[in-house]
Amino acid sequence: MNLHNEVECDTDMSASRAGEATRQGAQAFARLLHLAEQRSSGQIVRVVGFIAATYNGDAFKLDPFELRAVDIAISDDMLLCLDALRWARTDLYRLVPDGDRRVKDVIQRWGLCWPDDS
(Lines give C-alpha, C1' and ligand atoms only; values in the text may rest on other atoms or scores of the structure.)
Protein backbone atom coordinates (compact mmCIF):
# COMPACT_ATOMS: atom_id res chain seq x y z
CA MET A 1 0.00 0.00 0.00
CA ASN A 2 1.44 3.38 -0.92
CA LEU A 3 1.48 6.43 1.34
CA HIS A 4 -1.49 8.08 -0.38
CA ASN A 5 -3.66 4.98 0.12
CA GLU A 6 -2.59 4.70 3.78
CA VAL A 7 -3.53 8.32 4.45
CA GLU A 8 -6.86 7.88 2.68
CA CYS A 9 -7.56 4.71 4.67
CA ASP A 10 -6.69 6.46 7.95
CA THR A 11 -8.93 9.40 7.02
CA ASP A 12 -11.84 7.08 6.20
CA MET A 13 -11.35 5.16 9.43
CA SER A 14 -11.22 8.38 11.46
CA ALA A 15 -14.40 9.66 9.83
CA SER A 16 -16.12 6.36 10.56
CA ARG A 17 -15.01 6.39 14.20
CA ALA A 18 -16.03 10.02 14.60
CA GLY A 19 -19.47 9.32 13.17
CA GLU A 20 -20.02 6.31 15.41
CA ALA A 21 -18.78 8.16 18.50
CA THR A 22 -21.09 11.07 17.70
CA ARG A 23 -24.08 8.75 17.21
CA GLN A 24 -23.45 6.88 20.45
CA GLY A 25 -22.70 10.11 22.32
CA ALA A 26 -25.97 11.64 21.14
CA GLN A 27 -27.94 8.67 22.42
CA ALA A 28 -26.05 8.67 25.73
CA PHE A 29 -26.48 12.42 26.20
CA ALA A 30 -30.22 12.10 25.52
CA ARG A 31 -30.47 9.41 28.22
CA LEU A 32 -28.52 11.50 30.74
CA LEU A 33 -30.54 14.61 29.99
CA HIS A 34 -33.77 12.66 30.39
CA LEU A 35 -32.58 11.42 33.81
CA ALA A 36 -31.74 14.97 34.85
CA GLU A 37 -35.18 16.16 33.75
CA GLN A 38 -37.19 13.32 35.32
CA ARG A 39 -35.41 12.07 38.42
CA SER A 40 -33.97 13.41 41.65
CA SER A 41 -31.30 11.60 43.64
CA GLY A 42 -27.70 11.99 44.66
CA GLN A 43 -26.62 10.42 41.41
CA ILE A 44 -28.67 12.84 39.36
CA VAL A 45 -26.87 15.78 40.96
CA ARG A 46 -23.71 14.28 39.50
CA VAL A 47 -25.38 13.75 36.13
CA VAL A 48 -26.44 17.40 36.08
CA GLY A 49 -22.90 18.49 36.93
CA PHE A 50 -21.60 16.37 34.06
CA ILE A 51 -24.16 17.78 31.64
CA ALA A 52 -23.28 21.31 32.72
CA ALA A 53 -19.55 20.62 32.25
CA THR A 54 -20.11 19.31 28.73
CA TYR A 55 -22.25 22.36 27.99
CA ASN A 56 -19.76 24.93 29.27
CA GLY A 57 -16.49 23.57 30.60
CA ASP A 58 -15.24 27.02 31.60
CA ALA A 59 -18.21 27.69 33.85
CA PHE A 60 -18.69 24.16 35.21
CA LYS A 61 -15.66 22.01 35.90
CA LEU A 62 -15.68 18.27 35.37
CA ASP A 63 -14.39 16.10 38.18
CA PRO A 64 -13.49 12.74 36.62
CA PHE A 65 -13.96 11.02 39.97
CA GLU A 66 -17.70 11.60 39.56
CA LEU A 67 -17.62 8.65 37.14
CA ARG A 68 -17.01 6.43 40.18
CA ALA A 69 -19.96 7.82 42.14
CA VAL A 70 -22.73 6.80 39.75
CA ASP A 71 -24.19 3.54 38.49
CA ILE A 72 -22.30 1.70 35.78
CA ALA A 73 -24.91 2.50 33.12
CA ILE A 74 -24.69 6.20 33.91
CA SER A 75 -20.89 6.23 33.90
CA ASP A 76 -20.90 4.28 30.63
CA ASP A 77 -23.11 6.98 29.12
CA MET A 78 -20.77 9.66 30.46
CA LEU A 79 -17.83 7.92 28.81
CA LEU A 80 -19.71 7.71 25.51
CA CYS A 81 -20.33 11.45 25.76
CA LEU A 82 -16.66 12.10 26.43
CA ASP A 83 -15.71 10.03 23.39
CA ALA A 84 -18.11 12.06 21.26
CA LEU A 85 -16.54 15.25 22.61
CA ARG A 86 -13.09 13.89 21.80
CA TRP A 87 -14.06 13.58 18.16
CA ALA A 88 -15.60 17.08 18.38
CA ARG A 89 -18.06 16.93 15.52
CA THR A 90 -20.52 19.12 17.43
CA ASP A 91 -21.55 20.06 20.94
CA LEU A 92 -23.55 17.35 22.67
CA TYR A 93 -26.52 19.58 23.47
CA ARG A 94 -26.95 20.20 19.73
CA LEU A 95 -27.52 16.48 19.18
CA VAL A 96 -30.80 16.33 21.12
CA PRO A 97 -34.08 18.09 20.36
CA ASP A 98 -34.22 21.56 21.95
CA GLY A 99 -30.97 20.73 23.74
CA ASP A 100 -29.84 24.27 24.49
CA ARG A 101 -33.02 25.19 26.33
CA ARG A 102 -33.28 21.82 28.06
CA VAL A 103 -29.72 21.93 29.38
CA LYS A 104 -30.14 25.50 30.63
CA ASP A 105 -33.40 24.49 32.35
CA VAL A 106 -31.73 21.55 34.08
CA ILE A 107 -28.81 23.71 35.23
CA GLN A 108 -31.23 26.26 36.65
CA ARG A 109 -33.59 23.72 38.23
CA TRP A 110 -30.73 22.02 40.06
CA GLY A 111 -29.36 25.32 41.31
CA LEU A 112 -25.98 25.28 39.60
CA CYS A 113 -24.57 28.79 39.54
CA TRP A 114 -22.90 30.35 36.55
CA PRO A 115 -19.62 32.03 37.59
CA ASP A 116 -21.08 35.56 37.30
CA ASP A 117 -24.19 34.52 39.31
CA SER A 118 -22.27 34.43 42.61
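As shown above, the structure is provided for reference.
Note that the structure is predicted; figures quoted are calculated from it, not measured. (Residues numbered from 1 in each chain as written. Predicted model: local features only at pLDDT ≥ 70, side-chain atom pairs only at ≥ 80, totals over all residues. Heavy atoms only, no water.)

**Student:** Hey, could you run me through the packing of helix 2 (residues 42-55) against helix 3 (residues 72-87) in this one?
**Tutor:** Two numbers describe a pair of packed helices, the interaxial angle and the distance between the axes. Where helix 2 contacts helix 3, the two axes come as close as 12 Å, and the packing angle between them is 0°. Looking at the two axes, helix 2 sits roughly parallel to helix 3. Listed contacts from helix 3 to Q43, R46, V47, F50 and T54 of helix 2 are I74, M78, C81, L82 and L85. Classifying every residue of the contact of helix 2 with helix 3 by side-chain character gives seven nonpolar, two polar and one charged. (Axes fitted to C-alpha atoms, helices over the stretch in contact; angles between N-to-C directions. Helix = DSSP H or I, 4+ residues; strand = E, 2+ residues; numbered from the N terminus. Parallel < 35°, antiparallel > 145°, perpendicular 65-115°, else oblique. Contact = heavy atoms within 4.5 Å. Nonpolar A, V, L, I, M, F, W, Y, C, P; charged D, E, K, R; others polar.)

**Student:** Help me understand the layout of surface pockets, please; the structure alone is not making it clear to me.
**Tutor:** Empty space among the atoms can be located by rolling a probe the size of a water molecule over them. Each pocket or cavity is described by its volume, and for the largest pocket that value is around 150 Å³. If you go around the largest pocket, the residues you meet are V45, R46, G49, F50, F60, K61, L62, D63, E66 and L112. Among the residues making up the lining of the largest pocket, the classes are represented as five nonpolar, one polar and four charged. (1 Å grid on protein atoms, 1.4 Å probe; cavity = no way out; pocket = protein on both sides within 12 Å on 5 of 7 lines; lining within 4 Å. Points joined across faces, edges and corners; volume = space filled by probe spheres on them.)

**Student:** It is not clear to me how unusual backbone geometry should be interpreted in this structure. Could you clarify?
**Tutor:** Both trends apply: most residues other than glycine have a negative phi, and most peptide bonds are in trans. Not every positive phi belongs to a glycine, and D98 is a case in point at roughly 55°. With respect to the secondary-structure elements, D98 resides in the loop between helix 3 and helix 4 (99-109). On the basis of relative accessible area, D98 is assigned to the partly exposed category, the value being 45%. (Buried < 20%, exposed > 50% of the residue type's maximum accessible area, 1.4 Å probe, protein only.)

**Student:** Got a minute to help me understand the nonpolar core in this structure?
**Tutor:** Among soluble globular proteins, nonpolar side chains are generally buried collectively. Core analysis: the biggest nonpolar cluster contains 26 residues, and F29, L32, V47, I51 and V103 have the highest contact counts within it. Elements with a minimum of two residues in this core: helix 1 (3-38), helix 2, helix 3 and helix 4. Here the element with the most residues in this core is helix 2; it accounts for seven residues. Setting aside residues no more than four positions away along its own chain, L32 makes contact with V47, F50, I51, I74, D77, M78 and C81. (Core = buried A, V, L, I, M, F, W, Y, C linked by side-chain atoms within 4.5 Å.)

**Student:** Explain the packing of aromatic side chains to me, please; I cannot follow it from the model alone.
**Tutor:** When we look at a pair of aromatic rings, we describe it by the centre distance and by the angle of the planes. This model, assessed by the stated rule, comprises three aromatic pairs. Ring geometry for Y55 versus Y93: centroids 4.8 Å apart, planes at 65°, classification edge-to-face. Of the two residues, Y55 sits in helix 2 while Y93 sits in the loop between helix 3 and helix 4, which places them 38 residues apart along the sequence. For the pair formed by Y55 and Y93, the shared burial category is buried. Geometrically, the ring pair formed by F60 and W114 is edge-to-face, given 4.8 Å between the ring centres and 70° between the ring planes. Residue F60 is located in the loop between helix 2 and helix 3, and its partner W114 is located in the segment after helix 4; the two are separated by 54 residues in the primary sequence. Residue class for F60 comes out buried when judged on its relative accessible area of 7%. Members of the aromatic cluster, connected to one another through ring pairs, are Y55, F60, Y93 and W114. (Phe/Tyr/Trp six-rings, centres within 6.5 Å; stacked < 30°, edge-to-face > 60°.)

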